[in-house]
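Per-entry structural report
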Amino acid sequence: MKQADLFMAFFRVGMLGYGGGPSSIPLVQKEVVSRYKWMDSEEFGDVLALANALPGPIATKLAGYIGYRIAGYTGMLNAVLATIVPTIILMILLLTGLNAFKDQPWVQGAASAVVPVVAVMLLTMTWDFIKKSLGSTLGNVWTIMLLVGSFVLLEALGVHPAIIIFALLLGALLKRDKKEGGTP
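Residues numbered from 1 in each chain as written. Predicted model: local features only at pLDDT ≥ 70, side-chain atom pairs only at ≥ 80, totals over all residues. Heavy atoms only, no water.

1. Quick look at a nonpolar patch on the surface
- A contiguous nonpolar patch, built from Leu 81, Ile 84, Val 85, Ile 88, Ile 89, Ile 92 and Leu 93 and spanning about 610 Å² of accessible area, is present on the exposed surface.
- Its location among the elements puts Leu 93 in helix α4 (residues 58-101).
- A relative accessible area of 55% means that Leu 93 is categorised as exposed. (Patch = residues over 30% accessible without salt bridge, like charges linked within 9 Å, V, L, I, M, F, W, Y side chains within 5 Å. Areas by Shrake-Rupley, 256 points an atom, 1.4 Å probe, with all protein chains shown as cover. Salt bridge = Lys/Arg side-chain N within 4 Å of Asp/Glu carboxyl O. Helix = DSSP H or I, 4+ residues; strand = E, 2+ residues; numbered from the N terminus. Buried < 20%, exposed > 50% of the residue type's maximum accessible area, 1.4 Å probe, protein only.)

What follows is the structure in structure tokens.
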């Protein structure tokens, strides 16, 4: 049953993740966290952060790791195939169809309408992560400082997200625990 659930979860992501990785992330989160409860939001956030730091398409990285975690190597292959096969089929069908009608106003309008929908999906997921961070042990001040700092580094200075994620992970590893060295 796990293999069938894995396949269906990532097949839906592959079928509905129009626009690439960014639009797939909320779909993966919905399947993995809400529907099947294979991990909680915090675990998903950690997996997402690490997956973003690695090269390659995010949807296949998430599918590979989550599939492996749920059902080993066969789960990994199952989830990755379920993610990429719909994309391959849809690319052939959609691009053939769109190429035939690319000059039609309704095709141009449909393609333009997808962008704000993906933006709202990403904004919703971002807001969920911000709310979880504000309520976490990180605290409000650190959450706001990291939000503002990350935004400045990403948008104003053009720093690659992987560098920011790596620096934060390194900082977390090197950070000394407040209770360390003292009595419990």
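2. Thoughts on the pattern of salt bridges
- Under the defined criterion, the tally for this structure stands at 4 salt bridges.
- One salt bridge connects Arg 35 with Glu 31, and the closest N-O pair in it is separated by 3.9 Å. On the criterion of helical spacing, the pair formed by Arg 35 and Glu 31 is a turn pair, its members being 4 residues apart in helix α2 (residues 21-35).
- With relative accessibility at 7%, the residue Glu 31 sits in the buried group.

3. A word on the environment of Gln 104
- Note on placement: Gln 104 falls in the loop between α4 and α5 (105-134).
- Overall, the relative accessible area of 36% leaves Gln 104 in the partly exposed class.
- Taking the C-alpha atoms as reference, Gln 104 lies 25 Å from Pro 86; in sequence the two are 18 residues apart.

4. Overview of the side chain of Ser 41
- Along the chain, Ser 41 falls in helix α3 (residues 41-53).
- The class for Ser 41 is buried, based on a relative accessible area of 16%.
- Residue contacts for Ser 41: discarding those within four places in its chain leaves Gln 29, Val 33, Phe 129 and Lys 132. (Contact = heavy atoms within 4.5 Å.)

5. With respect to unusual backbone geometry
- One non-glycine residue, Lys 37, adopts positive backbone phi at about 55°.
- Position of Lys 37 relative to the elements: it lies in the loop between α2 and α3.
- Given a relative accessible area of 61%, Lys 37 falls into the exposed group.

6. Regarding the packing of α2 against α5
- Between α2 and α5, whose axes approach to 9 Å, the crossing angle comes to 50°. The angle between α2 and α5 falls in the class oblique. Crossing hand, α2 versus α5: left-handed. Where α2 approaches α5, its residues Pro 22, Ser 23, Ile 25, Pro 26, Leu 27 and Gln 29 are matched on the opposing element by Val 118, Met 121, Leu 122, Met 125 and Phe 129.
- Within the contact of α2 with α5, the residues separate by chemical class into 9 nonpolar, 2 polar and no charged. (Axes fitted to C-alpha atoms, helices over the stretch in contact; angles between N-to-C directions. Parallel < 35°, antiparallel > 145°, perpendicular 65-115°, else oblique. Left-handed = near helix turned anticlockwise from the far one by under 90°. Nonpolar A, V, L, I, M, F, W, Y, C, P; charged D, E, K, R; others polar.)

7. Focus on helix α6 (residues 140-156)
- A rise of 1.5 Å per residue sets the reference length of α6, with its 17 residues, at 24 Å; its end C-alpha atoms lie 23 Å apart and thus fit the reference within 8%.
- Phi turns positive, to about 70°, at Gly 158, one or two residues after α6. (Expected span 1.5 Å × (residues − 1).)

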